[in-house]
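Residue-level listing of the chains:
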Amino acid sequence: MPASTSAAINAEVSPIATGQLINGQWQHQGDQYFQAANPATDTLLPERFYNASQAELDLAVSAAQQAFADLAKRPAAFRATLLARMAQELEQDKAQIIERAVAETALAPARIEGELGRTCGQLRLFANLLNDGNWQAPVIDSALPERQPLPRPDLRLSYVALGPVAVYSASNFPLAFSVAGGDSASALAAGCPVIVKGHPAHPGTSALVAESLRRALQAEGAHPGCFALLQSNDRHFSHALIRHPGIAAGGFTGSVAAGRDLFNSASQRPHPIPFYGELGSTNPVFILPGALRQDEAKLAQGLAASITQGAGQFCTNPGLVIALRSKGLERLLKHLSEAISQQSAQTMLSKRIWQSYQTRCEWLAQRPGLQLLAQGQKGGVNQAQAQLFKVSASQWLAQPDLEEENFGPSSLVIECESETELLAVAARLHGHLTATLHLQEHDHSLAARLCPILANKVGRILANGFPTGVEVCHAMQHGGPYPASSDSRSTSVGSRAILRFVRPLCWQNMPDALLPEALQADNPQGLVRLIDGHLSGTQA
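Residues numbered from 1 in each chain as written. Predicted model: local features only at pLDDT ≥ 70, side-chain atom pairs only at ≥ 80, totals over all residues. Heavy atoms only, no water.

## As for the sheet that holds strand β23 (residues 458-463)
Heads up, the condition is: Only when DSSP finds a minimum of two bridges between them are two strands counted as paired. A run of DSSP states H or I qualifies as a helix once it reaches four residues; a run of E qualifies as a strand once it reaches two. Both are numbered from the N-terminal end. The convention used is that axes are lines fitted to C-alpha atoms, helices contributing only their stretch in contact, and that angles between N-to-C directions extend from 0 to 180 degrees. We call two residues contacting when some pair of their heavy atoms lies within 4.5 Å.
The sheet built from seven strands is open, its strands ordered β18-β20-β21-β16-β15-β22-β23 with mixed pairing. Here the strands that pair on one side only, and so sit at the sheet edges, are β18 (371-375) and β23. Here the average twist between neighbouring strands, direction ignored, is 20°. Relative to strand β21 (residues 410-416), strand β16 (residues 320-324) runs parallel, the two sharing five bridges. Within the sheet, the bridge partner assigned to Leu-320 lies in β21 and is Leu-412. Strands β15 (284-287), β16, β18, β20 (387-392) and β21 of the sheet are contacted by helix α10 (residues 327-341), whose axis makes an angle of about 50° with β18.

This is how it looks when you write it as structure tokens:
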């Protein structure tokens, strides 16, 4: 049914807004719409969500640019209060958000509740970061007017925000990597307005979260252009957003193909901009000989749980298991095969994702040298069957495409004939988010040779654990060499994510009154600063 131009959408008409949130108002133009589906029932949900138009994109960017100028005048404490208020509003809407997210993703209510808690925790983490202030890491090199042969000017370095940021919601995390997720939280913390392109698989969840953020902006007196939600199931619109001249950076979590296309669009603009994409990762797990002499059954249970957690729809899912051929490996694979075979089929996030997983598993089963060790229980439409494969290291090394991510509850065991072959497998890896070592003390010699290789391949190395699960904290690195990320120097999780959306700015011989507070002589914020090469919290 055609929609009337600029029709207002509000709670009196529908409990879920079905248009765009632009400059604090829900609206839509045009008559192109799409519907979300319930993956558990394979049926469409009733709401019709309208595709954003180019005119609406222009309005959202214009409002964001105005908001950017407004945020630049506000202290960091204002942004901290705003982020904390956003967390509060989300918690107030908890029941409604969880109910809708379950309907659109088929994820369990407990999983969604935990993800909402993580989302609010991320917002508060950045609020605390802003209140502390030391993330700015100010640097001061004092003037040396008497230096010969040339005097040195007074130089002071800090960070400034980039500008409006485009954020693309992820399919597998409808909250933590979506509308109010880590990209949005870190960009807003940096002082950048955010324009979110909602994921078409969970538009209702996106709209509910956006409404919570809208109320937070209103309650704190923030410029309404600080946040916008634009809905669309048209991939061309995604490119129009990142190509818009008013957008200063992009954040993305999704597939390698989609992320690389957007990265190319960001890079090929007349004025290229940074694009921080988390793309694809298979997260190799190395099981060293000592670990195979321990409790193989316990190790197998933990590995099976990690492989199948959330239907394998985690970016840190362990898709490769690498070990030396031995009786211990045989025992481990026997236990692991038994655990996989007992796994019930799980509903995946969407029919498209399920079909891609099915196709990839069928492709793997036909590859030379691959052996299907175990399958979980069969399910119906959209339900993934767990899969466990094995291949020799020589066959794996001869088939580079076996390393590509299979998004779902499957893993490929690579059996190595020697330590030399195991190290060759590690050396051939491309970029991943994580690598895991299961080891005992007498494995340290092999691990010492393996770790330098892996340090060039991943963003996080774990010992005696499982990669699924990412702690939101200051030390976390969630990003790795391509194709795990489009920029391995940054993280999409943890407080350092704020650095993606700022740039360094040096002030030379500026009057003290015109400097940012972080660089002023009396250090009004009490920050730790690098002054003439020495850390100090004093005046300069």
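## As for the pairing of β15
Spelled out, the test is: Whether a residue is buried, partly exposed or exposed follows from its accessible area with a 1.4 Å probe, protein chains only, as a fraction of its type maximum: under 20%, in between, or over 50%, in that order. Crossovers are described as right-handed under a simple rule: with the strands pointing away from the observer, the path leading from the first strand over the helix to the second runs clockwise.
Where burial is concerned, the two faces of β15 agree: the one with Pro-284 and Phe-286 and the one with Val-285 and Ile-287 are both buried. Running through helix α9 (residues 296-308), the crossover from β15 to the neighbouring parallel element β16 is right-handed. Relative to strand β22 (residues 432-438), β15 runs parallel, the two sharing three bridges. What sits directly across from Ile-287, in β22, is His-438.

## Notes on the layout of surface pockets
In plain terms, the rule: Cavities and pockets were defined on a 1 Å grid built from protein atoms only: a cavity is a group of points that admits a 1.4 Å probe but offers it no way out, a pocket is an open group of points flanked by protein on both sides within 12 Å along at least five of seven lines, and a lining residue is one with an atom within 4 Å of any such point. Grid points are joined across faces, edges and corners, and a volume is the space filled by probe spheres set on the points.
Estimates place the volume of the second largest pocket at around 690 Å³. Arg-74, Pro-75, Ala-76, Arg-79 and Gln-136 are, among the 28 residues lining the second largest pocket, the residues nearest its centre. Of all elements in the fold, only α1 (54-72), α2 (76-92), α4 (109-132), β9 (155-161) and β24 (502-508) reach the threshold of two or more residues within the lining of the second largest pocket. Counting residues per element, the lining of the second largest pocket draws most heavily on β9, which supplies four residues.

## Brief notes about the UniProt feature "domain: Aldehyde dehydrogenase" (unreviewed entry) in the protein chain
Defined as follows: UniProt positions are given in the numbering used here, feature names are shortened, and annotations may be inferred rather than shown by experiment.
On the UniProt side, "domain: Aldehyde dehydrogenase" (unreviewed entry) is annotated at positions that read residues 27-443 here. This span, residues 27-443, is 43% helix and 19% strand, and a straight line between its end C-alpha atoms measures 61 Å.

## Notes on the environment of Cys-361
The residue Cys-361 is located in helix α11 (residues 351-365) in this model. Its relative accessible area of 4% is what places Cys-361 among the buried residues. Separated by 47 residues in sequence, Cys-361 and Gly-408 have C-alpha atoms that sit 9.4 Å apart. Beyond its immediate chain neighbours, meaning those up to four positions away, Cys-361 contacts Gln-387, Phe-389 and Asn-406.

## Re the packing of aromatic side chains
Each pair of aromatic rings is reported with the distance of its centres and the angle of its planes. Our working definition: Stacked, tilted and edge-to-face are the three classes assigned to paired rings of Phe, Tyr and Trp, where Trp is represented by its six-membered ring and a pair needs centres within 6.5 Å; plane angles under 30 degrees give stacked, over 60 edge-to-face, the rest tilted.
Considering all chains together, one arrives at eight aromatic pairs under this definition. Between the aromatic rings of Phe-173 and Phe-314, the centroid separation amounts to 5.6 Å while the plane-to-plane angle is 85°, which identifies the pairing as edge-to-face. Pair noted here: Phe-173 is in the loop between β10 (165-168) and α5 (182-190) and Phe-314 is in the loop between α9 and β16, with a separation of 141 residues, a long-range link. Judged by relative accessible area, Phe-173 falls into the buried class, the value being 7%. With relative accessibility at 9%, the residue Phe-314 sits in the buried group. One aromatic cluster is present, formed by Tyr-168, Phe-252 and Phe-275 through successive ring pairs.

## What to know about the nonpolar core
In summary, soluble globular proteins display a tendency toward joint burial of nonpolar side chains. Stated formally: Among buried residues, the Ala, Val, Leu, Ile, Met, Phe, Trp, Tyr and Cys ones that are joined through side-chain atoms within 4.5 Å form a nonpolar core.
Core analysis: the largest hydrophobic core is formed by 66 residues, its most contacted members being Leu-83, Met-86, Leu-90 and Phe-227. Sequence-distant contacts of Met-86, defined by excluding residues within four places in its chain, comprise Leu-123, Leu-188, Leu-213, Ala-216 and Leu-217. Ranked by size, the runner-up nonpolar core spans 28 residues in total, among them Leu-288, Leu-320, Phe-389 and Val-425.

## A look at a nonpolar patch on the surface
Rules: Each patch is built from salt-bridge-free residues with over 30% relative accessible area, joining like charges within 9 Å and nonpolar side chains (Val, Leu, Ile, Met, Phe, Trp, Tyr) within 5 Å. Surface accessibility in these figures is a Shrake-Rupley result with a 1.4 Å probe; residues are shielded only by whichever protein chains are displayed. Salt bridges are counted wherever a side-chain nitrogen of Lys or Arg sits within 4 Å of a carboxyl oxygen of Asp or Glu.
A contiguous nonpolar surface patch, about 270 Å² in accessible area, is contributed by Val-528, Leu-530 and Leu-535. With respect to the secondary-structure elements, Leu-530 resides in strand β25 (residues 529-531). Its relative accessible area of 31% is what places Leu-530 among the partly exposed residues.

## Observations regarding α5
One turn of the α-helix equals 3.6 residues, which is why residues spaced by three or four share an orientation. Of all nine residues in α5, nine are buried, a share of seventy percent or more. Of the positions making up α5, those classed as buried are Gly-182, Asp-183, Ser-184, Ala-185, Ser-186, Ala-187, Leu-188, Ala-189 and Ala-190. Looking one or two residues beyond α5, the residue adopting positive phi is Gly-191, at roughly 100°.

## A closer look at the sheet that holds β25
Overall, mixed pairing links the five strands, which are arranged β24-β9-β8-β25-β26 in an open sheet. Each end of this open sheet is capped by a strand with a single partner; those strands are β24 and β26 (534-536). Along the sheet, successive strands turn relative to each other by an average axial angle of 30°, direction set aside. Here three bridges tie β25 to β26, and the two strands are oriented antiparallel to one another. Its bridge partner being in β26, Ile-531 is matched across the sheet by His-534.

## Here we look at empty space enclosed by the protein
Heads up, the condition is: Gly is put with the polar residues, along with every residue not named as nonpolar or charged; the nonpolar set is Ala, Val, Leu, Ile, Met, Phe, Trp, Tyr, Cys and Pro, and the charged set is Asp, Glu, Lys and Arg.
Considering all chains together, one arrives at four cavities of 30 Å³ or more under this definition. Computed from the structure, the largest cavity encloses a volume of approximately 140 Å³. Lining the largest cavity are 19 residues; nearest its centre among them are Thr-282, Gly-319, Glu-404, Asn-406 and Ser-410. Secondary structure elements with two or more residues in the lining of the largest cavity: α11 and β21. For the lining of the largest cavity, the leading source of residues is β21, giving three residues. In the lining of the largest cavity, the residues fall into six nonpolar, nine polar and four charged. Lining the second largest cavity are 13 residues, with Tyr-276, Gly-277, Ser-485, Ser-490 and Ser-492 sitting closest to its centre.

## A short note on the packing of α2 against α4
Note the threshold: An angle below 35 degrees is read as roughly parallel, one above 145 as roughly antiparallel, one from 65 to 115 as roughly perpendicular, and any other as oblique. Crossing handedness follows the turn of the near helix against the far one: under a right angle anticlockwise gives a left-handed crossing, and clockwise gives a right-handed one.
Axis separation between α2 and α4 bottoms out at 8 Å; the angle between their running directions is 165°. By the angle between their axes, α2 is roughly antiparallel relative to α4. With respect to the hand of their crossing, α2 and α4 are arranged in left-handed fashion. For the pair formed by α2 and α4, the contact residues are Ala-76, Ala-77, Arg-79, Ala-80, Leu-83, Ala-84, Met-86, Ala-87, Gln-88, Leu-90 and Glu-91 on the first element and Leu-116, Thr-119, Cys-120, Leu-123, Arg-124, Phe-126, Ala-127, Leu-130 and Asn-131 on the second. Here the contact of α2 with α4 is composed, by residue class, of 14 nonpolar, three polar and three charged.

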